[in-house]
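If you want the building blocks of each chain, they are given just below.
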Amino acid sequence: MDCVERDQLVAPESLEQLKKIGKADYLHLLSQQALVGDLVDPGRLAEITHREVEARRLAPDDDFRKLAEAGGQVLGNSSSADEPRKGWFARIFG
């Protein structure tokens with residue numbers, strides 16, 4: 001994203017929309033990482049967003065982070081959170 005903005009590869013009026021799409025894609029990726037079966041594990045999502053805040057890829061005051069943190073505190077981990085997870089390769093190719 002930085003190189004797109006720096007090298008002006010997109011018209012300035014389209015840049016904000018592209019940033020919104022990029023952030024939505026990033027948040028979707030975080031949600032995918034928190035899946036247990038077909039459901040998002042609130043505790044796992046809180047841990048993942050904490051990791052992203054520590055790595056400075058996500059702002060501590062981001063609404064998604066606040067929601068994940070609150071969900072993790074209220075709902076905790078799913079009962080099936082201890083089950084081994086399939087990696088992305090195995091989920092795609094069986």
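So, here is what we can say about the structure in this document. Quick caveat, the model's predicted, so the values are computed rather than measured. Counting restarts for each chain, with residues numbered from 1 along the sequence as it is written. Given that this is a predicted model, residues contribute local features only at a pLDDT of at least 70 and side-chain atom pairs are listed and counted only at 80 or more, while totals for whole chains, interfaces and linings are drawn from all residues. As a convention, hydrogens and water are excluded, and side-chain values are obtained from all of the structure's heavy atoms.

1. So, the pattern of salt bridges
Here is step 1: One speaks of a salt bridge when a side-chain nitrogen belonging to Lys or Arg is within 4 Å of a carboxyl oxygen belonging to Asp or Glu. Counted by the stated rule, this structure contains five salt bridges.
Here is step 2: Between Arg-51 and Glu-52 there is a salt bridge whose closest N-O contact spans 2.9 Å.
Here is step 3: The buried label applies to any residue whose accessible area, calculated with a 1.4 Å probe on protein chains only, is under 20% of its type's maximum; exposed applies above 50%, and partly exposed to all values in between. Classification of Arg-51 as partly exposed rests on a relative accessible area of 38%.
Here is step 4: Here Arg-57 makes a salt bridge to Glu-52, at a shortest N to O gap of 2.7 Å.
Here is step 5: By relative accessible area, Glu-52 is classed as buried at 4%.

2. Describing the environment of Val-4
Here is step 1: Secondary structure counts use DSSP, requiring at least four H or I residues in a row for a helix and at least two E residues in a row for a strand, with both numbered from the N terminus. Relative to the elements of secondary structure, Val-4 occurs in helix H1 (residues 2-6).
Here is step 2: For Val-4, a relative accessible area of 18% gives the class buried.
Here is step 3: Contacts between residues were defined by any pair of non-hydrogen atoms, one from each residue, lying within 4.5 Å. When residues no more than four places from it in sequence are discounted, the contact partners of Val-4 are Leu-9, Val-10 and Leu-18.

3. What to know about unusual backbone geometry
Here is step 1: Look at Arg-56: it is not a glycine, yet its phi comes out positive at around 65 degrees.
Here is step 2: Checked against the element boundaries, Arg-56 lands in the loop between helix H3 (42-54) and helix H4 (63-75).
Here is step 3: Relative accessible area serves as the criterion here: at 76%, Arg-56 is assigned to the exposed category.

4. Considering the side chain of Asp-62
Here is step 1: Residue position: Asp-62 is located in the loop between H3 and H4.
Here is step 2: Judged by its relative accessible area of 10%, Asp-62 falls in the buried class.
Here is step 3: Polar contacts involving the side chain of Asp-62 include one to the main-chain amide nitrogen of Phe-64, which spans 2.8 Å. Pairs of N or O atoms are called polar contacts if they sit within 3.5 Å, as long as, within protein, a hydrogen donor faces a hydrogen acceptor (for residues adjacent in sequence, only side-chain-to-side-chain pairs).

5. Thoughts on the nonpolar core
A general trend in soluble globular proteins is that nonpolar side chains are found buried together.
Here is step 1: Only buried residues count toward a nonpolar core. Its members are Ala, Val, Leu, Ile, Met, Phe, Trp, Tyr and Cys residues joined through side-chain atoms within 4.5 Å. Formed by Leu-27, Leu-30, Ala-34, Leu-45, Ile-48, Val-53, Leu-58, Phe-64 and Ala-68, the largest nonpolar core amounts to nine residues.
Here is step 2: Of all elements in the fold, only helix H2 (12-33), H3 and H4 reach the threshold of two or more residues within this core.
Here is step 3: Top element by residues in this core is H3. It accounts for three residues.
Here is step 4: Excluding residues that lie within four positions of it along the chain, Ile-48 makes contacts with Leu-30, Gln-33 and Ala-34.

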